[in-house]
Amino acid sequence: MTKREKILILILVITTGFTVYYFSVLGIINLPTIPDEFTAVNTTKQKPLEKESDISVPNEKIITLQQVENVGYSFYLGQIDYPSTAPLGDTTKNNITQIIYKANFPKNLLKSVGIIIVNTLAVSEYEYIKTSEGKISMPSFSPDFITGGGIYSGKFGKMSLIFINKTKLSSLSEILTHELGHHIGAQLTSEEWGKYYELRGIPSTTSRRGTNWGLSPQEDFAEVYRSIFTGSKVRTYYGLLVKSGYFYSEETCGELYDRLMDNYKKAKYPNTDPWNMSWDMLFLTEEEAGITSNVELQNCRREVLSNQEKYSADWSLSFSGPPYYSIVDQATRDFMTQIINRLN
Ligand SMILES: [Zn+2]
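Parameters and conventions
Residues numbered from 1 in each chain as written. Predicted model: local features only at pLDDT ≥ 70, side-chain atom pairs only at ≥ 80, totals over all residues. Helix = DSSP H or I, 4+ residues; strand = E, 2+ residues; numbered from the N terminus. Buried ≥ 20, exposed ≤ 12 C-beta atoms within 10 Å, placed from the backbone. Contact = placed C-beta atoms within 7 Å. Pairing = 2+ DSSP bridges. Axes fitted to C-alpha atoms, helices over the stretch in contact; angles between N-to-C directions. Parallel < 35°, antiparallel > 145°, perpendicular 65-115°, else oblique. Left-handed = near helix turned anticlockwise from the far one by under 90°. Nonpolar A, V, L, I, M, F, W, Y, C, P; charged D, E, K, R; others polar. Core = buried A, V, L, I, M, F, W, Y, C linked by C-beta atoms within 7 Å. Expected span 1.5 Å × (residues − 1). Arc of directions from axis to C-beta. pLDDT = per-residue confidence, 0-100.

The helix and strand tally for the chain stands at 13 helices and 10 strands. Taken over 344 residues, the chain has a buried fraction of 24%. Contacts in the chain between residues at least 24 apart in sequence constitute 67% of all its contacts with a sequence separation of at least 6.

In structure tokens, the structure reads:
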């Protein structure tokens, strides 16, 4: 073979190679791909043969949301579960509709939220939810999701996702209403947040997300929304804190409480013999005495709620759960109605 022939053959080999590659890029021909079993087993980090952008993620799974139409409501629903699992049934769809209805959730806002029921055991690493704002990747689920049962994704463009743990469907109303509350909270203007801070007695310097769950204004908003429509207790520490039970006698804030009550009694019933008090006086409640909103008392109660370990005596004295809970006043309820009307 002459030198010239060798060069010709080399050029021929190179151009054939290029043509095959080019055609495969265009999708005109299909080159054999690595079988799935191979990529699945081979989990150690190896240098990929192709450029990053050329690799499609192995076993990538796109979850599409179904649009459910029910009694005038239209919402997006999806599930993450094993491929063999049956699609979500009518009971779940009806329950969700009922919750949305009971929560007065603005119909207009349903366009921008997807509700996804998750079996955490069936979640794979490469899952995406297909929405009007493109593919949204799955959050990483922590053990909190098993106990708490719900996650609000925040906003991706206009779209938000609510993930509900499948094992918590028995508490769907509590969980979903709270997460829907987050979606309403996410629509508030800065001015509206300012008003909300005022109504709930939140110091204006507090960051909306907060660092402590119980002291996060965003959490408080979702809890207040839920409380208004399901009657549940608000678990955050803003608003007016009241004793969790009539018979709970305060430990840390007890002295302050007694002093405030005594002052009220002395002013209201002067010259009364302490050994001969009237029934009214004996069973006087803090609401009647109007001491609940006392700033010092509220700060003391908030402090007790913020540290269960430090104030364990207070916590153990209350019969169940935290020694105080937050109440939602009428002005806050009215504010919530206004917001819902604006968003509808
Ligand atoms: Zn929350």
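Here 3 strands make up an open sheet; going across it, the order is β1-β5-β6 and the pairing mixed. Since the sheet does not close on itself, it has two edges, and those belong to β1 (61–64) and β6 (134–137), each with one partner. Pairs of neighbouring strands in the sheet enclose a mean axial angle of 35°, with direction left out of account. Where β1 and strand β5 (residues 127–131) come together, 4 bridges link them in parallel fashion. Among the inter-strand pairings, Thr64 is bridged to a residue of β5, identified as Lys130.

Before going further, it helps to spend a moment on the sheet that holds strand β4 (residues 113–118). The strand order across the open sheet built from 5 strands is β2-β3-β4-β8-β7, with neighbouring strands paired in mixed fashion. Where the open sheet ends on each side, the last strands, each with one partner, are β2 (66–70) and β7 (150–156). In this sheet, neighbouring strand axes are inclined to one another by 25° on average, regardless of whether the strands run parallel or antiparallel. The sheet contacts of helix α3 (residues 90–102) involve β2, β3 (73–80) and β4, and relative to β3 the element is tilted by about 130°. With respect to the sheet, helix α5 (residues 172–185) is in contact with β4, β7 and β8 (159–165), its orientation differing from that of β7 by roughly 20°.

Right, let's get into the packing of α5 against helix α7 (residues 217–230). Between two packed helices, what matters for the description is the angle formed by their axes and the separation of those axes. One can describe the packing of α5 onto α7 by two numbers: an axis separation of 8 Å at closest approach and a directional angle of 125°. Taken as axis vectors, α5 and α7 run oblique relative to one another. Like other packed secondary-structure pairs, α5 and α7 cross with a definite hand, here right-handed. Taken together, the residues of α7 that come into contact with α5 (itself represented by Ser173, Glu174, Thr177, His178, Gly181, His182, Ile184 and Gly185) are Gln218, Phe221, Ala222, Glu223, Tyr225, Arg226, Phe229 and Thr230. A class-by-class count of the residues in the contact of α5 with α7 yields 5 nonpolar, 8 polar and 3 charged.

Counting 47 residues, the largest nonpolar core has Ile115, Ile116, Ile162, Phe163, Ile164, Leu176 and Tyr225 as the members making the most contacts within it. Apart from residues no more than four positions distant in its own chain, Ile164 is found in contact with Ile115, Ile116, Ile117, Val118, Gly149, Gly150, Leu172, Ile175 and Leu176.

To continue, consider the packing of helix α8 (residues 254–268) against helix α11 (residues 295–306). Where α8 meets α11, the axes come as close as 10 Å, and the angle between the chain directions of the two elements is 160°. When the axis of α8 is compared with that of α11, the two are roughly antiparallel. Note on packing geometry: the crossing formed by α8 with α11 is left-handed. Contacts from Leu256, Tyr257 and Leu260 of α8 reach α11 at Glu296, Leu297 and Cys300.

The terminal C-alpha atoms of α11 lie 16 Å apart, and with 12 residues this matches the ideal 16 Å at 1.5 Å per residue to within 8%. Those residues of α11 lying buried are Gln298, Cys300, Arg301, Val304 and Leu305. Looking down the long axis of α11, one finds its buried residues gathered within 160° of arc, a one-sided arrangement. What points out from α11, more than 90 degrees from its buried face, is the exposed set Val295 and Glu296. Where α11 is buried, its residues touch β9 (240–243), α8, α12 (312–317) and β10 (324–327).

Our next topic: the environment of Gly194. With respect to the helices and strands, Gly194 occurs in helix α6 (residues 190–200). C-beta crowding within 10 Å serves as the criterion here: with 13 such atoms nearby, Gly194 is assigned to the partly exposed category. For the pair Gly194 and Ser204, spaced 10 residues apart in sequence, the C-alpha separation works out to 7.5 Å.

Note: β5 against β6, 4 bridges, orientation antiparallel. Pairing of Lys130 across the sheet is with Lys135, part of β6. Connecting β5 to the next strand, β6, in antiparallel fashion are 2 residues.

Here the focus is unusual backbone geometry. Non-glycine residue Val71 carries a positive phi angle of around 35°. For Val71, the position within the fold is in the loop between β2 and β3. Look at Val71 and you get exposed, because 8 C-beta atoms sit within 10 Å.

A few words on the confidence of the model for the chain. Regions with low pLDDT should not have their predicted coordinates read in detail. For the chain, per-residue confidence averages 85 on the pLDDT scale, and residues scoring 70 or more make up 82% of the total. Mean pLDDT across the elements of the chain ranges from a minimum in helix α2 (residues 36–41), with 32, to a maximum in α3, with 98. Overall, residues 30–54 carries pLDDT values under 50, and its contacts beyond four positions in sequence, including any with other chains, amount to 8 contacts.

Before going further, it helps to spend a moment on the environment of Pro143. Take Pro143: it is sitting in helix α4 (residues 143–148). Of the residues examined, Pro143 has 8 C-beta atoms within 10 Å and is grouped as exposed. Taking the C-alpha atoms as reference points, Pro143 and Thr120, 23 residues apart in sequence, are found 9.9 Å from one another.

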